[in-house]
Amino acid sequence: MKFLALLAILALASPPLRAASPLVAGQPLILGANANESAENLAPDLLKRTHTQWVRVFFPASHFLDGKKSLESDKQILATQKLGDLGHHLFLTIKWDNRNDYGNTTERRAPKPDSPEEQRAFAFASQLLNTFKGQVSGLELVNELTVDSHPEDMEAGPDGTAPMIRFLQRLAAHLTAEKHISRDGSPLPLYAGGFTRMDQRKMQNNPVLRSFMKWLSESPLIFGVNFHLHQLDYEQFEKSLAFVRSQIPEKPFAITEFSLVWKYKAKLNEKLGIGKNAADFCKVYQRDPKHSIADYLTAASADPVSQQEWHAFLATREWFDPLFLTKSTALMEKHGVTLATYGFSHGPRKPKSRAKKVTSATTPWGINMLFPYSWVRPEPDGSAPVTYGLYDDWIRIQQRNK
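These remarks concern the structure in this document. Keep in mind that what you see is a predicted model, and the values were worked out from it rather than measured. (Residues numbered from 1 in each chain as written. Predicted model: local features only at pLDDT ≥ 70, side-chain atom pairs only at ≥ 80, totals over all residues. Heavy atoms only, no water.)

1. Points about the nonpolar core
Within the largest apolar cluster, 109 residues are counted, with the highest numbers of intra-cluster contacts made by Trp 96, Leu 141, Leu 145, Phe 195, Phe 258 and Trp 310. Examining the composition of this core, we find that 8 residues originate from one element, helix α7 (residues 163–178), more than from any other. Residue contacts for Trp 96: discarding those within four places in its chain leaves Ala 61, Leu 65, Ala 121, Phe 124, Leu 141, Val 142, Asp 148, Met 164, Phe 167, Leu 168 and Leu 171. The next biggest cluster of nonpolar side chains, apart from the first, holds 9 residues, and it includes Val 24, Phe 91, Tyr 191 and Phe 223. (Core = buried A, V, L, I, M, F, W, Y, C linked by side-chain atoms within 4.5 Å. Buried < 20%, exposed > 50% of the residue type's maximum accessible area, 1.4 Å probe, protein only. Helix = DSSP H or I, 4+ residues; strand = E, 2+ residues; numbered from the N terminus. Contact = heavy atoms within 4.5 Å.)

Spelled out as structure tokens, the structure:
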């Protein structure tokens with residue numbers, strides 16, 4: 001049977017979206033915890049402490065396809081299963097790491113239709129879902145489309161479709177035909193997109209991405225659209241969200257990574273003594289005002305600071321907004337985002353962790369974290385340190401959604 005004919009049959013057979021699903025467009029935004037590939041960082045006690053029910057984890061495909069990891073024994077798989085057993089909603093992502101593939105020297109290409117490579121990729125996706133049978137509440141078919149794909153696989157072929165896009169379309173048809181069921185007993189919601197930096201003209205005007213968005217908008221195989229919002233400011237948040245919504249008017253969005261990390265990175269050379277109450281901060285905590293933010297974070301990596309000092313430090317930085325979660329989730333909800341997952345924790349810190357030097361070239365992901373173990377030690381009673389403003393925001397949003 002021709003692939004397009006299969007799509008047509010599946011379109012007729014696809015069940016309608018369940019109005020009761022919390023992910024359907026028009027529902028209040030759910031705030032969940034993101035761990036990327038490190039599910040072990042999602043400590044159950046911290047999820048309980050923060051009233052967090054939804055968790056997002058991605059799995060890099062290359063190591064499983066190469067046999068370096070096993071679905072039966074991988075630590076991150078087991079940690080994710082444990083979260084499912086505890087009743088958490090699992091929102092999983094397959095990372096087709098064809099470029100960013102964790103040290104592999106050979107770049108992978110998008111599998112050709114009906115090739116052995118495609119059959120292995122499809123089998124991995126199916127086996128991944130079967131590993132979490134009955135626990136998954138949503139599956140993203142792709143993580144970061146342009147970042148993870150080989151450049152040539154994002155160029156339109158003779159038929160006008162890019163190889164990576166064709167692969168994702170065929171994967172959606174394959175998984176739909178298998179009739180996977182979500183945690184609540186309804187057909188498993190499939191998401192695709194994987195867009196980044198959609199505030200930029202070059203991304204907005206990319207014909208391959210435009211064509212893919214049209215397909216995402218129209219295809220009955222796709223429940224919702226996922227993309228990331230790592231931005232410099234709120235204006236870029238608004239531009240990205242508005243553009244994708246203009247191309248995909250009705251389907252729910254899932255933002256599984258978001259931050260102002262590029263704003264933080266731009267400030268790493270800033271002197272510690274510059275800013276409101278910064279001089280007092282340096283005096284109280286005996287920090288050299290001539291040191292840069294990067295110097296301060298390097299020192300904290302070697303000798304973690306107290307939560308009190310971390311809060312005082314962030315309070316001196318005009319570029320750190322303690323209301324970031326409230327403002328960013330309000331923007332997302334305005335544009336039909338029904339699930340947003342945020343960086344939860346880089347820890348807990350291991351006893352023999354090596355100090356990491358921070359420079360102006362470092363991307364300071366730790367500043368985003370709700371539980372900032374990278375640079376902050378636990379409280380005297382052993383409880384996890386929290387980030388100034390963000391923790392209170394998080395609790396407020398979760399209580400609102402109860």
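Further notes follow.
2. So, the pairing of strand β6 (residues 224–230)
The element β6 is largely enclosed, with a buried count of 7 among its 7 residues. Of the two faces of β6, the one lined by Gly 224, Asn 226, His 228 and His 230 and the one lined by Val 225, Phe 227 and Leu 229 are each fully buried. As defined by bridge partners, strand β5 (residues 190–195) adjoins β6 across 4 bridges and the pair is classed as parallel. Within the sheet, the bridge partner assigned to Tyr 191 lies in β6 and is Gly 224. The sheet contact formed by β6 and strand β7 (residues 253–259) spans 5 bridges and is parallel. Paired with Asn 226 across the two strands is Ala 254, which belongs to β7. After leaving β6, the chain enters helix α10 (residues 234–247) and then returns to the sheet as β7, a path that is right-handed. (Pairing = 2+ DSSP bridges. Right-handed = clockwise from strand over helix to strand, strands pointing away.)

3. Topic: unusual backbone geometry
Look at Lys 179: it is not a glycine, yet its phi comes out positive at around 60°. Mapped onto the elements of the fold, Lys 179 is located in the loop between α7 and β5. The exposed category is assigned to Lys 179, whose relative accessible area is 68%. The backbone of Asn 277 sits at a positive phi, close to 65°, despite the residue not being glycine. Along the chain, the position of Asn 277 falls in the loop between α11 (261–266) and α12 (278–285).

4. Observations concerning the pairing of β5
With 6 of 6 residues buried, β5 is to be regarded as a mostly interior element. Both faces of β5 are covered, namely the face carrying Leu 190, Ala 192 and Gly 194 and the face carrying Tyr 191, Gly 193 and Phe 195. By the bridge criterion, 2 bridges tie strand β4 (residues 136–140) to β5 in an arrangement that is parallel. Each bridged residue has a counterpart across the sheet, and for Leu 139 the counterpart in β5 is Leu 190.

5. Looking at the packing of aromatic side chains
How two aromatic rings sit relative to each other is set out by the distance from centre to centre and by the angle between their planes. Under the defined criterion, the tally for this structure stands at 30 aromatic pairs. Ring centres of Phe 281 and Tyr 285 lie 5.2 Å apart, and the angle between their planes is 40°; this geometry places the pair in the tilted category. Note that Phe 281 and Tyr 285 are positioned in helix α12 at a spacing of 4 residues, about one turn of the helix. Phe 281 gets classed as buried once you look at its relative accessible area, which sits at 4%. Among the aromatic residues, those joined into a ring-pair cluster are Tyr 234, Phe 237, Phe 258, Phe 324, Tyr 342, Phe 344, Phe 371, Tyr 391 and Trp 394. The residue whose ring lies beneath Lys 95 is Phe 58, and the NZ or CZ to ring-centre distance is 5.0 Å. Against the face of Phe 253 rests Arg 245, its NZ or CZ located 3.7 Å from the ring centre. (Phe/Tyr/Trp six-rings, centres within 6.5 Å; stacked < 30°, edge-to-face > 60°. Lys NZ or Arg CZ within 6 Å of the ring centre and 35° of its normal.)

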